[in-house]
Amino acid sequence: MSIVTVQLGQCGNQIGHELFSAVCRDVHGTHGLCSKKENESYHDACKERFFCQEESEVPVARAVLVDMEPKVISQTLAVAARSGSWKYDDRSHFCQKQGSGNNWANGYSVHGPRHKEAIMNLMQKEAEKCDRLGGFFTIMSMAGGTGSGLGAFVTQCLRDAFPNSFILNHIIWPYGTGEVIVQNYNSVLTLSHLYQSSDALLVHENDVIHKICAQLMNIKQISFRDVNQVIAHQLGSVFQPAYTAEGDSDYSRNPLGDLMETLVPHPEFKMLGLRNLPQMPENFLAYSTFSWPGLIKHLRQMLIANAKMEEGIDWQVRPPHPGSSSRSTSKPLHFNTSLANLVILRGKDTHSVDLGSFRDPSLYTSWLSPQDAFNAWRTPRAFNKYEKSAALVSNSQFLLQPLDSVVGKAWNMFASKAYVHQYTKFGIEEEDFLDSFTALEQVISSYTIL
């Protein structure tokens, strides 16, 4: 089935471009390590998922590009076309000249309603090009105005127009030190609105990706493009085709539907985090060997100690002992309880990998059995030059601390009415802020008592 990618704002458009490039590089790579037949079915599944073939023979991305200023979209269209390996449809973008000025209310209450018809027409046309529509994958930042405000509005419109399609919002969590003075307001408003209309939120934190660039990729002067390429690689490691069950002969039919089914067992819990192993500069790969037991051991410890990358994992964190009377009082400090986990293995000998350590009941909340809470997908087709690679998508307490921090900072500003007038002039009232705070406090509370 096909996924329509919706790129919103500067951040969404730049990451979307890197994602399609990464997927294309992977498909055209000669490093598949698998049979020709296997490679062909992987190739076909990926093409249907992300691209439509037109007469020009160059694959055309299944994407709608939206921004309130033209510069980034025109650059993105041009760079993709120049690559020669794929391109965007020239008619699938919408941009204006004025921007949203980092104001969520401007994107949500002004630009959204004003341009709803034009933007939703593009969505409809893109959806109609799909023989089988799997759903929508939106990419946006939480900190600015267009990605966050317009993104929340567009997600609501998609939910109304396509009530039976899956919607996965990929959101970029802002740097803790801040890019925009009102980023915490924008983040609180975005998250609370997406929680109502989205099926799940897949979160990448800028601070974490920055660290990966510095410590794992050895990049000295880190640019936004470096950060976006790491994010695109991690997204590709999840969305490229894989077999969802033992003995499957067909690649996953609907990647979005399969993700939701395995990871979102309850509408109160929609936050998904992503970790990926190994990650290193391409020129190091030839000198590196990895064993599956080593990768799985690291991935499991990253999960339970809530480490976002393989450097600096706290190996002292252990799951609680089975049979302890009350989970909440006996839970070890810093232990990250999971609701559901999905491990995706790609490359050599994936069929023989033992994932029993992820089926340990002490990793999960008590109201789901490990059989339901843990799933694994596999494919013998290697991803992006890595002979063996593993991705973990997790619905767990990983975001509690960042979420609590953003809500706390926003509340402190709101309590002193700082910058609130910038929002009320576009129709977002103080009650709207209070509703958003209440919704997120509920999310925090639900994840805390897992």
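Residues numbered from 1 in each chain as written. Predicted model: local features only at pLDDT ≥ 70, side-chain atom pairs only at ≥ 80, totals over all residues. Heavy atoms only, no water.

In the nomenclature of an unreviewed UniProt entry, the protein chain is known as Tubulin delta chain of Semnornis frantzii. According to the UniProt record, the Sequence similarities (unreviewed entry) comment for the protein chain reads "Belongs to the tubulin family." In UniProt, the protein chain has this text filed under Function (unreviewed entry): "Acts as a positive regulator of hedgehog signaling and regulates ciliary function." (UniProt positions renumbered as here; feature names shortened; annotations may be inferred.)

A few points about the sheet that holds strand β8 (residues 200–205)
In space, the ten strands of this open sheet follow the order β5-β4-β1-β6-β7-β8-β9-β12-β10-β11, with mixed pairing throughout. Either end of the sheet is taken by a strand with one partner, and the two such strands are β5 (93–95) and β11 (374–379). The average undirected angle you get between the axes of adjacent strands in this sheet is 20°. Pairing between strand β10 (residues 338–347) and β11: six bridges, direction parallel. Directly across from R346, in β11, lies its bridge partner T379. In the packing of helix α2 (residues 36–50) onto the sheet, contacts are made with β1 (2–8), β10 and β11, and the angle to β1 comes to roughly 50°. Helix α9 (residues 255–263) rests against β1, β6 (133–141), β7 (166–173), β8, β9 (271–277), β10, β11 and β12 (388–396) of the sheet, and its axis sits at about 80° to β7. (Pairing = 2+ DSSP bridges. Helix = DSSP H or I, 4+ residues; strand = E, 2+ residues; numbered from the N terminus. Axes fitted to C-alpha atoms, helices over the stretch in contact; angles between N-to-C directions. Contact = heavy atoms within 4.5 Å.)

Points about the layout of surface pockets
Empty space within the largest pocket amounts to approximately 680 Å³. Lining of the largest pocket is provided by 29 residues; of these, E205, V208, K308, Q401 and P402 occupy positions nearest its centre. Counting only elements with at least two residues in the lining of the largest pocket, the list comes to α6 (183–197), α7 (206–216) and α13 (400–415). No other element matches the six residues that α13 contributes to the lining of the largest pocket. Partitioning the lining of the largest pocket into residue classes produces twelve nonpolar, eleven polar and six charged. (1 Å grid on protein atoms, 1.4 Å probe; cavity = no way out; pocket = protein on both sides within 12 Å on 5 of 7 lines; lining within 4 Å. Points joined across faces, edges and corners; volume = space filled by probe spheres on them. Nonpolar A, V, L, I, M, F, W, Y, C, P; charged D, E, K, R; others polar.)

Comments concerning the nonpolar core
Ranked by internal contacts, the top residues of the largest apolar core, which has 61 residues, are L158, Y185, L191, M271, L403, Y423 and F433. In this structure, F20, F50, L77 and L259 belong to the second largest nonpolar core, which totals 54 residues. (Core = buried A, V, L, I, M, F, W, Y, C linked by side-chain atoms within 4.5 Å. Buried < 20%, exposed > 50% of the residue type's maximum accessible area, 1.4 Å probe, protein only.)

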